[in-house]
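Chains, contacts and geometry: an overview
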Amino acid sequence: MSEAARVREEMDGNVLILTIDYPSRKNAIGPGVRQALEEAIERAHDDKAVRAIVITGAGGTFCAGGDISNMNVGTALDGRDRMRRTHRLVRLMARGAKPLVAAVEGWAAGAGMAVACACDTVVAAEDARFVAGFHKIGLMSDMGLPYFLPRRVGVGRARRILFYHEVTGAAEGERIGLVDFVAPPGKALEVALEKARFLAAEAAGPIELTKKILSEGLDEALADEATFQGLLFTTRDFQEGRAAFLEKRKPNFAGG
């Protein structure tokens, strides 16, 4: 992975801090960042010195979403394979042994919102903002967000967030269950580390097995997501949505 897109790793006692650092794309998740996160979390699951993981973003932004400039998909099968690779990270986060805490400053948009929701605990700064926004480029939400979001906020609220691109602040997020703890501006990582240290001191077995129970049904949801998103990658609406995003204009969707 190039110097421009990386995931920094740092140990704080027995807590591993993973920092998405992709400044030119506001920490957007492309193949390189996704693979780096996956490999780091996989190593952490095999490392007895790591008892908990914190995921955050550099430069005051958690993650601005998927790296749309890299979304070049030819066929529905290509799209499904792309999603299956992405889902390896989702499964590691949701079903892996180690608890994960998201430390959200600034925007958690699209794929960034999905990564936060895949964590066991979400800590957000008071001025943090969450938005899905996948439909703006002709895609459905992915990276497990259709599974995780309704389990946090309920199906009705999830529909509002996903269909209407509603922006949710930290205080409202805490009220509806999207956010677990609110921190002062600039202090999300500090509070997230406190929560991660608490989890790291707990017995590991109960946390691991509870995560497995709470993620029941995930495989079925991800299988549908891979198929559906794979199809959407091939539509004219996605091509229009992607072009409009890159050209910084409003898309003109035709329904095809």
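The following refers to the structure shown. This one's a predicted model, so the numbers in the text were calculated from it and none came from an experiment. (Residues numbered from 1 in each chain as written. Predicted model: local features only at pLDDT ≥ 70, side-chain atom pairs only at ≥ 80, totals over all residues. Heavy atoms only, no water.)

1. A closer look at the environment of M11
Tracing the backbone through its elements, the reader meets M11 in strand β1 (residues 6-12). Sequence spacing of M11 and I53 is 42 residues, and the spatial spacing of their C-alpha atoms is 9.3 Å. Ignoring anything within four residues of it in the chain, the contact list for M11 reads L16, A49 and V50. (Helix = DSSP H or I, 4+ residues; strand = E, 2+ residues; numbered from the N terminus. Contact = heavy atoms within 4.5 Å.)

2. Regarding the sheet that holds strand β7 (residues 129-131)
If you trace the three strands from one edge of the open sheet to the other, you get β5-β7-β8, paired in mixed fashion. The open sheet has two free edges, formed respectively by β5 (107-109) and β8 (168-169), since each of these has just one partner strand. Sheet topology note: the β5/β7 ladder contains three bridges and is parallel. Its bridge partner lying in β7, W107 is registered against R129. Here helix α3 (residues 111-118) sits on the sheet and contacts β5 and β7; the angle it forms with β5, its principal contact strand, is near 95°. (Pairing = 2+ DSSP bridges. Axes fitted to C-alpha atoms, helices over the stretch in contact; angles between N-to-C directions.)

3. Some remarks on helix α5 (residues 155-164)
Of all the residues in α5, the buried ones are A158, I161 and L162. For α5, the angular spread of buried residues about the axis comes to 90°, placing them on one side. Buried positions along α5 lie against α3, α4 (145-153), β8 and α6 (170-176). (Buried < 20%, exposed > 50% of the residue type's maximum accessible area, 1.4 Å probe, protein only. Arc of directions from axis to C-beta.)

4. What about the sheet that holds strand β9 (residues 181-183)?
A sheet is described by the order of its strands in space; here six strands give the open sequence β1-β2-β3-β4-β6-β9, paired in mixed fashion. The strands lining the two open edges of the sheet, one partner per strand, are β1 and β9. Sheet twist, expressed as the mean angle between neighbouring strand axes with direction ignored, is 20°. Relative to β9, strand β6 (residues 121-125) is paired through three bridges, and the arrangement is parallel. Bridging across to β9, V123 finds its partner in F181. Packed onto the sheet, helix α7 (residues 188-200) meets β1, β2 (15-21), β3 (52-57), β4 (100-104), β6 and β9 and runs at close to 170° relative to β4.

5. Here we look at the packing of aromatic side chains
This model, assessed by the stated rule, comprises two aromatic pairs. Here the aromatic rings of Y147 and F148 are separated by 5.2 Å at their centres, their planes lie at 90°, and the arrangement is edge-to-face. Residue classification places F148 among the buried positions, given a relative accessible area of 9%. Look at F233 and F238: their rings are 5.4 Å apart centre to centre, the planes differ by 80°, and that puts the pair in the edge-to-face class. For F233, a relative accessible area of 1% gives the class buried. (Phe/Tyr/Trp six-rings, centres within 6.5 Å; stacked < 30°, edge-to-face > 60°.)

6. So, the packing of helix α2 (residues 76-95) against helix α9 (residues 218-232)
As a packed pair, α2 and α9 sit with axes 8 Å apart at the nearest point and diverge in direction by 150°. On the basis of their axis angle, the class for α2 and α9 is roughly antiparallel. With respect to the hand of their crossing, α2 and α9 are arranged in right-handed fashion. In contact with A76, G79, R80, M83, R84, H87, V90, R91, A94 and R95 of α2, α9 contributes L218, D219, L222, E225, A226, T227, Q229, G230 and L231. (Parallel < 35°, antiparallel > 145°, perpendicular 65-115°, else oblique. Left-handed = near helix turned anticlockwise from the far one by under 90°.)

7. Observations concerning the packing of α4 against α9
Across the interface, α4 lies against α9 with an axial gap of 9 Å and an inter-helix angle of 130°. Between α4 and α9, the angle falls in the class oblique. When α4 is examined against α9, the residues L145, P146, Y147 and F148 are found in contact with a partner set consisting of L218, A221 and E225. Tallied by class, the residues present in the contact of α4 with α9 amount to six nonpolar, no polar and one charged. (Nonpolar A, V, L, I, M, F, W, Y, C, P; charged D, E, K, R; others polar.)

8. A word on a negative patch on the surface
Taken together, the side chains of E39, E42, D46 and D47 present a region of like negative charge at the surface. Inspection of the secondary structure puts E39 in helix α1 (residues 31-46). Looking at E39, the relative accessible area reads 35%, which means it is partly exposed. (Patch = residues over 30% accessible without salt bridge, like charges linked within 9 Å, V, L, I, M, F, W, Y side chains within 5 Å. Areas by Shrake-Rupley, 256 points an atom, 1.4 Å probe, with all protein chains shown as cover. Salt bridge = Lys/Arg side-chain N within 4 Å of Asp/Glu carboxyl O. Lys, Arg positive; Asp, Glu negative; His and termini not counted. Charge placed at Lys NZ, Arg CZ, Asp CG, Glu CD.)

9. Section: the environment of D224
Within the element layout of this structure, D224 appears in helix α9. Considered as a pair, D224 and R80 are 144 residues apart in the sequence and their alpha carbons are 9.8 Å apart.

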